[in-house]
Amino acid sequence: MSQVERAVTQSAIPVENIRYNEQGLVPAIAQDYLDGTVLMMAWMNRESVQKTLETGETWYWSRSRQELWHKGATSGYLQKVRSLRYDCDSDCLLIGIEQIGDIACHTGERSCFHQVDGEISPPPANTLSQVFQVICDRRDNPTENSYTAKLIAGGDNKILKKIGEEAAEVVMACKDNSTEDIANEVADLFYHTMVALAYHNVDLREVYRKLQHRRQ
């Protein structure tokens, strides 16, 4: 059990502060603890909140079945709790989770919020994750006019040369103390570094995990 899970297990939030509705329920939003993707929304009651805190895995209340629901107990797609917060009115929960299997929706999609105008579309995550997704798509489905595809086709020699150039430009921008130039050059460095990750089939989430571990 991680330090975060242990903190949640030891009642990281005062349960008595949560405000339940007339049915004794509170909405709970499950969010990927690494990239911020909203994965699903369900309901909790006092017992499911307590079991979530005790076990470090999400438990919800099924309004249709009128019973507790241990997320992933049947499918294997468990949700490991990494953080638990409530909003300013204390009547809505935000649960940072590690989604086992990366599938939260009963349809097999990563997120329940995957529909846009009747079509399936990946839910938005943080900007770096979205850019990395595009880079991976250019890797797997290269097009003739894609700068990213050309970089990847050039392999390490081309990619690493660009990383070296961009790192040097970050240094120069910092020496000049130009806020706009620093932001531009760091954005370029981030992008080319993510191209290297994609080329070597290293998921950006692995970098996030390293940062989370160091933060703890």
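Above this text sits the structure in question.
Here goes a summary of the coordinates provided. (Residues numbered from 1 in each chain as written. Predicted model: local features only at pLDDT ≥ 70, side-chain atom pairs only at ≥ 80, totals over all residues. Heavy atoms only, no water.)

1. Side note on the pairing of strand E2 (residues 38-44)
Pairing geometry for strand E1 (residues 26-32) and E2, over 6 bridges, is antiparallel. When the bridges of E2 are listed, alanine 30 appears paired with methionine 40. Where E1 folds back on E2, the antiparallel hairpin that results is connected by 5 residues, among which glycine 36 adopts a positive phi of roughly 80 degrees. (Pairing = 2+ DSSP bridges. Helix = DSSP H or I, 4+ residues; strand = E, 2+ residues; numbered from the N terminus.)

2. Thoughts on the packing of helix H5 (residues 155-176) against helix H6 (residues 179-199)
Relative to each other, H5 and H6 sit at 160 degrees, their axes nearing to 9 Å. Relative to H6, H5 is oriented roughly antiparallel. Of the two elements, H5 crosses H6, and the hand of that crossing is left-handed. Note on element contacts: H6 touches H5 through Asp181, Ile182, Glu185, Val186, Asp188, Leu189, His192, Thr193, Val195, Ala196 and Tyr199, opposite Gly155, Asp156, Ile159, Lys162, Ile163, Glu166, Ala167, Glu169, Val170, Ala173 and Cys174. Considered class by class, the residues forming the contact of H5 with H6 number 12 nonpolar, 3 polar and 7 charged. (Axes fitted to C-alpha atoms, helices over the stretch in contact; angles between N-to-C directions. Parallel < 35°, antiparallel > 145°, perpendicular 65-115°, else oblique. Left-handed = near helix turned anticlockwise from the far one by under 90°. Contact = heavy atoms within 4.5 Å. Nonpolar A, V, L, I, M, F, W, Y, C, P; charged D, E, K, R; others polar.)

3. Overview of the side chain of glutamate 98
Within the element layout of this structure, glutamate 98 appears in strand E6 (residues 93-99). When sequence neighbours within four positions are dropped, the list of residues in contact with glutamate 98 reads Tyr33, Leu78, Gln79, Lys80 and Arg82.

4. As for the environment of leucine 34
Here leucine 34 shows up in the loop between E1 and E2. Overall, the relative accessible area of 10% leaves leucine 34 in the buried class. What leucine 34 contacts, discounting residues up to four positions off in sequence, is Asn126, Arg205, Tyr208, Arg209 and Gln212. (Buried < 20%, exposed > 50% of the residue type's maximum accessible area, 1.4 Å probe, protein only.)

5. Quick notes on H5
Under the 1.5 Å per step criterion, the end-to-end length of H5 is 32 Å for 22 residues, consistent within 8% with the ideal 32 Å. Every buried residue of H5 is listed here: Gly155, Ile159, Ile163, Glu166, Val170 and Ala173. Along the long axis of H5, the arc covered by the buried residues comes to 90 degrees, so they all point the same way. In H5, those exposed residues whose orientation departs by more than 90 degrees from the buried face are Asn157, Lys161, Lys175 and Asp176. Buried residues along H5 sit in contact with helix H4 (147-153) and H6. (Expected span 1.5 Å × (residues − 1). Arc of directions from axis to C-beta.)

6. A few points about the packing of aromatic side chains
Enumeration according to the criterion identifies 2 aromatic pairs in this entry. Ring geometry for tyrosine 60 against tryptophan 69: centres 5.2 Å apart, planes inclined by 45 degrees, an arrangement best described as tilted. Residue tryptophan 69 is classed as partly exposed on the basis of its relative accessible area, which comes to 26%. Judged by centre distance (6.2 Å) and plane angle (25 degrees), the ring pair of tyrosine 147 and tyrosine 191 falls under stacked. Of the two residues, tyrosine 147 sits in helix H4 while tyrosine 191 sits in helix H6, which places them 44 residues apart along the sequence. Given the relative accessible area of 42%, tyrosine 147 is considered partly exposed. (Phe/Tyr/Trp six-rings, centres within 6.5 Å; stacked < 30°, edge-to-face > 60°.)

7. Notes on a nonpolar patch on the surface
Taken together, the side chains of Val38, Met41 and Phe113 make up a nonpolar region of the molecular surface, amounting to roughly 250 Å² of accessible area. Within the secondary structure, phenylalanine 113 sits in the loop between E6 and strand E7 (115-116). By relative accessible area, phenylalanine 113 is classed as partly exposed at 46%. (Patch = residues over 30% accessible without salt bridge, like charges linked within 9 Å, V, L, I, M, F, W, Y side chains within 5 Å. Areas by Shrake-Rupley, 256 points an atom, 1.4 Å probe, with all protein chains shown as cover. Salt bridge = Lys/Arg side-chain N within 4 Å of Asp/Glu carboxyl O.)

8. Some remarks on the pairing of strand E4 (residues 67-70)
Both strand E3 (residues 59-62) and E4 contribute to a ladder of 4 bridges, which runs antiparallel. The partner of tyrosine 60 across the bridge, within E4, is tryptophan 69.

9. Some remarks on the sheet that holds E6
As summarised here, the arrangement of the 4 strands in space is E2-E1-E6-E5, forming an open sheet in which the pairing is mixed. Each edge of the open sheet is held by one strand with a lone partner, namely E2 and strand E5 (79-86). Strand-to-strand twist of the sheet, defined as the mean angle between neighbouring strand axes without regard to direction, takes the value 25 degrees. For E1 and E6, the ladder comprises 5 bridges, and the chain directions are parallel. Opposite glutamine 31, over in E6, you have glycine 96 as the bridge partner.

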